[in-house]
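# Residue-level structural notes
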Amino acid sequence: MEWYNKSKDEVLSELKTNEDIGLNTEEVTSRLGTYGKNELEVQQKKSIWSKLAAQFADFLIIILIVAAGISAFVGEKEDSIVILAIVLINAILGIYQEGKAEKSVEALQKMSAPNAKVIRNGSQVEIPASDIVPGDIVVLEAGDIIPADLRLIESSNLKIEEASLTGESVPVEKDAKEVINGSAGIGDRHNMGFSSTIVTYGRGKGVVTGTGHNTEIGNIATKIQSYEEEETPLQIKLNQLGKVLGTLTIAICVVVFLVGLLQGRGPLEMLLTSISLAVAAIPEGLPAIVTIVLSIGMNRMASRNAIVKKLLAVETLGATSVICSDKTGTLTQNEMTVVKAFVDDKILDVEGGGYEPVGAVKLDNNQLTINSLPNLKNLAAGGALANDAHLDNSSGIYRVMGDPTEGAIVTFAGKLGQTKENLNKSYPRIEELPFDSARKMMSTFHKNYIEGKVVSFTKGAPDIVISRCNKIALNGEIIEFSNDLKKRVLEVNTQFAKSALRVLSAAYKIWDEVPSRISSELVENDMIFIGLVGMIDPARPEVKDAIKECKTAGIEAVMITGDYKETAYAIAKDLGMVESEEQAMMGAELDNLSDEQLRQVVKKTKVYARVSPDHKVKIVTALKENGHITSMTGDGVNDALALKKADIGVAMGITGTDVAKNTAEVILTDDNFATIVNAVEEGRIIFSNIKKFVFFLLSCNIGEILIVFVSILLGWPVPLVPIQLLWLNLVTDSFPAMALGVEKAEPNIMNQPPRDTKEPILDKSMIGGIVFQAIAISIAALLSYYWAMRTYGDGNGLIHARSVIFTSLITAELLRAFSSRSQDYTLFKIGFFSNARMNQAVFVSFALTVAVLYIPFFNEVFNVVPLGLKDWEIVLTFAFIPLIIGELYKSLFKGKDLS
């Protein structure tokens, strides 16, 4: 049996405590030793060494480290030092960026340790929440944060806000006397209170049943920590690419080594040549460039209100095909708002959102004032006076102090110029009948509302209030509340309820004076009915456009909430997420489905209501098993498990709980669902740009391999030594590659469906283009080398020939970088110099090359000599060949119109 299945006496007996005396000091000390502090253990962060080791766990990096070791062994210390330096720089970059993200998250977290009121040794004391133990008697009042899981033992009009745990948008009424039979979901345990939820109304007491990890929140935290990290799509693709390149590199090195030996070349010479090939084959700058481009993406996303905690998550966002979102506080404002009213037999529309008392009240699109209808003032004033909530604007933002439902009615009155403060001054409350969950009503007495009389206003559930009224205020008259009129009001109530509105009604009664003995039977009977107000936690205004953009981009939007199905469906329909009720289902229905059935259900269902945290995980898992890259957006503790399980967890930075923010990969600092769509667009741009610079780097590297390989086959001297190839790969190629990483978005990037995550980073079109460009580069470079060898001969002339091919290859690759900015559009269409970063990168790379050629110190380091004018004529002639061929290829086979 669960605690909610047991009576108060059974719970107190089992926990060996007393509701009046509580625990004594000795027992508390003993239980602290048994159960520990009422805290969640923080998962230990990775050490700097484990982070560093993770950076080196890459096949290509391992090959480079081996190459550096061999270079050092055979005496080529300069090559060895340069290779190791690059490996280390890449690792430091990765660690630095992830460290920056961790600090951003820490800045968002609110480190608070609330206190709690408990009864110990027969007295009420206030203690740190962390010192609470099972068996403690906790005293609850409006505004308190519940410090641990409780079985309620006393409740008086108690309501608890559980949105962060269950997703339910309105506070839950609690009843300590209730004993629940059978199993019940968290949202239906009306005799329990849960850690970190908030008391919004009434008072009560509870006995602590669970602390720390033995609470509902603790259970979620434990499951989160048990989930293993999964590789992102980019990690998988880069690892696959690395293994392919690594295997090819080893194979080519072995072949060239054997061919050289068969040609009669020395083993040491061929070993150095093989190292040259290994260096040529591996794009040393690729890991660093990926890291830098992703970090630039992180910064760009941060400027658009999305903090990305994990570097590779930047790209994963671009592959997102399903966004699963919590409703309360994510798709909606988490602020109850009156949107409809019914008075004087007329249905009114109420505009404005949140608790700011600004917005028009309209009838048939015509704005009304407080005096436009005879009973509009009675409805507004009555609802605001029979009300314990008030608005607070001290921070510059309107917030409700008290029950959100009551706050919505106070806001409605304020929109008609009836502020709570002025109403209380003009018509002071002199007596009251507090809200009671059995009566479902509250009544307050006020003087001065009708001269010489006392008026009692009653607010409550429509069906009950209507049944207690015998008259109705209608168009300036008070007439009998006939069955036909009651039927009409109930029809409107049903109409509002079908739109998922929470409906309350108002009535009043006139007295000569306050009765000496106040009772519900006396006060809340024979009343005059005024009208109805219908409220809802409305959708965020920007979300509808964001969901429309998701559809255009081929991304499904799914709502997963702990709220009721009718409310969830109404919000989803308003946002354009669903078309029929068949697309909505209850969480309880998921329990009866097999894994295969669930995988079929998630293909068509767009709204899941009354779900538990485990249901959310099941839904996300089924979507992932169907091949979707799934993003989960949420702000509550109840979202944390699904945030962790999803490919991308996105938490709200303002309203989000610390648990949600710690678990997610992305945090939205403006709590705006639309920001996630912007982040997806950034992710798509980044992946597109990663493909561009991978295309550029690999075509250059394969061109270098062909140059060395063909030279060996032709019996020529090795054209490029390792230090020159390292310069090419790390300096000449890397700057333009980074510039490709910040290229603007291709046209209509958000009008395309999400990419297939199973597709390798190099598709058939890219492989064809890489081979085509590599051949063009190698032919152009080899022709310049052939000319130089014939012109300058062997011996010292070999250094001159190598200088010519070195410069030809660099210039050809720099010119081709401009062409690599798009695989589909020619430079004439996108503009030759329209990427300022590319212009700067090419200029810097070329200037550094000139420095290497003409500064004597670098001549010795890189084994080059200065070039003459004739050399430059040859270099420039051959260097333009790959650029021209690449642009002709796009024009003939792939050219697209920018329009």
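Notes on the structure follow. Computed from a predicted structure; not experimentally measured.

## Here's the deal with the environment of Pro754
When you line up the elements, Pro754 lands in the loop between helix H28 (734-740) and helix H29 (764-792). Judged by relative accessible area, Pro754 falls into the buried class, the value being 18%. Excluding residues that lie within four positions of it along the chain, Pro754 makes contacts with Ala319, Thr320, Ser321, Ala553, Gly554, Ile555 and Arg684.

## Section: unusual backbone geometry
Even without glycine at this site, Asp364 takes up a positive phi of about 50 degrees. A positive phi angle, close to 50 degrees, is found at Asn475, a residue other than glycine.

## Some details on the sheet that holds strand S9 (residues 322-325)
Taken in spatial order, the eight strands line up as S8-S28-S27-S26-S9-S23-S25-S24 in an open sheet, and their pairing is mixed. Of all the strands in the sheet, just strand S8 (306-308) and strand S24 (584-586) have a single pairing partner and so form its edges. This sheet shows a mean twist of 20 degrees between the axes of neighbouring strands, independent of strand direction. Bridging between S9 and strand S26 (residues 630-634) involves four bridges; their strand directions are parallel. Residue Cys324 lies in a different strand from S26, and its bridge partner there is Met632. Against the sheet, helix H23 (residues 613-625) makes contact with S9, strand S23 (556-560), strand S25 (607-609) and S26, and its axis sits at roughly 155 degrees relative to S26, the strand it touches most.

## So, the side chain of Asp537
Within the secondary structure, Asp537 sits in the loop between strand S22 (527-536) and helix H19 (543-552). Of the side chains bearing the opposite charge, Lys327 lies closest to the buried Asp537, which forms no salt bridge; the N-O distance is 4.3 Å. Within the structure, the side chain of Asp537 is placed 3.3 Å from the backbone nitrogen of Gln333, a separation counted as a polar contact. A distance of 2.7 Å separates the side chain of Asp537 from the backbone nitrogen of Asn334, its partner in a polar contact.

## Thoughts on the nonpolar core
Leu234, Phe529, Phe693, Val694 and Ile761 are the most contacted members of the largest nonpolar core, which has 142 residues in total. Tallying contributions element by element places helix H26 (residues 673-713) first for this core, with 18 residues. Every residue in contact with Phe529, bar those within four places of it in the chain, is listed here: Val465, Ile466, Cys469, Lys471, Ile472, Ala473, Phe481, Val489, Ser505, Ala506 and Ala507. By size, the runner-up hydrophobic cluster in this structure holds 42 residues, among which are Met336, Ile409, Leu504 and Ala506.

## A closer look at the packing of H29 against helix H30 (residues 796-819)
For any two helices packed against each other, one specifies the inter-axial angle together with the distance between the axes. Running from N to C, H29 and H30 cross one another at 155 degrees; their axes reach a closest spacing of 8 Å. Judged on the interaxial angle alone, H30 and H29 are roughly antiparallel. Taken as a pair, H29 and H30 cross one another with a handedness that is right-handed. Within the contact between the two elements, H29 uses Gln773, Ile777, Ala781, Leu782, Ser784, Tyr785, Ala788, Met789 and Tyr792 and H30 uses Gly797, Leu798, His800, Ala801, Arg802, Val804, Ile805, Ser808, Leu809, Glu813 and Arg816. In the contact of H29 with H30, the residues fall into twelve nonpolar, five polar and three charged.

## A look at the packing of aromatic side chains
One pass over the structure, following the stated rule, counts 17 aromatic pairs. Seen in terms of ring centroids, Phe445 and Trp511 are 5.8 Å apart; in terms of plane orientation they differ by 50 degrees. Their pairing is tilted. Here the residue Phe445 occupies a position in strand S17 (residues 441-447), and Trp511 occupies one in strand S21 (residues 502-511), the gap between them amounting to 66 residues. In this structure, Phe445 and Trp511 share a single accessibility class: buried. Relative to Phe529, the ring of Phe481 has its centre 5.3 Å away and its plane inclined at 25 degrees; by these criteria the two rings are stacked. Taken together, the residues span a long stretch of sequence, with Phe481 in the loop between strand S20 (477-480) and helix H17 (483-498) and Phe529 in strand S22 at a distance of 48 residues. What makes Phe529 buried here is its relative accessible area of 1%. Three or more aromatic residues link up through ring pairs in this structure, and these residues are Tyr427, Tyr449, Phe457 and Tyr508. A cation sits over an aromatic face here: Arg755 above Phe687, 3.5 Å from the ring centre.

## Let's talk about the pattern of salt bridges
Considering all chains together, one arrives at 32 salt bridges under this definition. A salt bridge links Lys327 to Asp563; its shortest N-O distance comes to 3.0 Å. Taken together, the positions of Lys327 in helix H12 (residues 327-331) and Asp563 in the loop between S23 and helix H20 (565-575) put the pair 236 residues apart, joining distant regions of the chain. The closest approach of N and O atoms between Asp349 and Lys340, which form a salt bridge, is 2.5 Å. Of the residues examined, Lys340 reaches a relative accessible area of 27% and is grouped as partly exposed. Connected through shared salt-bridge partners, Lys117, Glu141 and Asp144 make up one network.

## Here we look at the environment of Ser834
Relative to the helices and strands, Ser834 is located in the loop between helix H31 (827-830) and helix H32 (836-854). The partly exposed category is assigned to Ser834, whose relative accessible area is 38%. At 2.5 Å, the side chain of Ser834 and the side chain of Arg821 are in polar contact. Engagement of the side chain of Ser834 in a polar contact is seen with the backbone oxygen of Ile830, the distance being 2.7 Å.

## Describing the packing of H26 against H30
One can describe the packing of H26 onto H30 by two numbers: an axis separation of 11 Å at closest approach and a directional angle of 155 degrees. Here H30 runs roughly antiparallel to H26, going by the angle between their axes. In this structure, H26 meets H30 at a crossing whose hand is right-handed. For the pair H26 and H30, contact is made by Phe695, Phe696, Ser699, Cys700, Glu704 and Ile707 and by Ile805, Leu809, Glu813, Arg816 and Ala817, respectively. For the contact of H26 with H30, a count of residues per class yields seven nonpolar, one polar and three charged.

Scoring rules and cut-offs
Residue indices follow the written sequence of each chain, beginning from 1 at its first position. A pLDDT threshold of at least 70 governs which residues receive local features in this predicted model, and a stricter bar of 80 or more applies before side-chain atom pairs are shown or counted, although totals over entire chains, interfaces and linings include all residues. The basis for the side-chain values is all heavy atoms of the structure; hydrogens and waters are excluded. Starting at the N terminus, helices and strands are each numbered in turn, a helix being any DSSP run of H or I of at least four residues and a strand any DSSP run of E of at least two. Per-residue accessibility, obtained with a 1.4 Å probe over protein chains only, is compared with the maximum for each type, and a residue is labelled buried under 20%, exposed over 50%, and partly exposed between these values. It only takes one pair of heavy atoms within 4.5 Å for two residues to be counted as in contact. At least two DSSP bridges between two strands are required for those strands to pair. Note on geometry: axes are lines fitted to C-alpha atoms, helical ones only across the stretch in contact, with angles between N-to-C directions running from 0 to 180 degrees. Within this scheme the basic residues Lys and Arg register as positive and the acidic residues Asp and Glu register as negative, but His and the chain ends are omitted. By definition, a salt bridge exists where a carboxyl oxygen of Asp or Glu is found within 4 Å of a side-chain nitrogen of Lys or Arg. Identification of polar contacts relies on pairs of N or O atoms within 3.5 Å, with a donor-acceptor requirement for protein atoms, meaning one able to donate a hydrogen and the other able to accept it, and with residues adjacent in sequence counted only if both atoms are side-chain atoms. Here, the term nonpolar core denotes a set of buried Ala, Val, Leu, Ile, Met, Phe, Trp, Tyr and Cys residues that are joined through side-chain atoms within 4.5 Å. These descriptions rest on fixed angle ranges, namely under 35 degrees for roughly parallel, over 145 for roughly antiparallel, 65 to 115 for roughly perpendicular, and the rest for oblique. Whether a crossing is left-handed or right-handed is set by the direction in which the near helix is turned from the far one by less than a right angle, anticlockwise for left-handed and clockwise for right-handed. In the scheme used here, Gly and all other residues not listed as nonpolar or charged are polar, with Ala, Val, Leu, Ile, Met, Phe, Trp, Tyr, Cys and Pro taken as nonpolar and Asp, Glu, Lys and Arg as charged. Stacked, tilted and edge-to-face pairs are distinguished by plane angle, under 30 degrees for stacked and over 60 for edge-to-face with tilted covering the rest, among Phe, Tyr and Trp rings (Trp via its six-membered ring) whose centres lie within 6.5 Å. We call a charge positioned above a ring when the Lys NZ or Arg CZ atom is no farther than 6 Å from the ring centre and deviates by at most 35 degrees from the ring normal.

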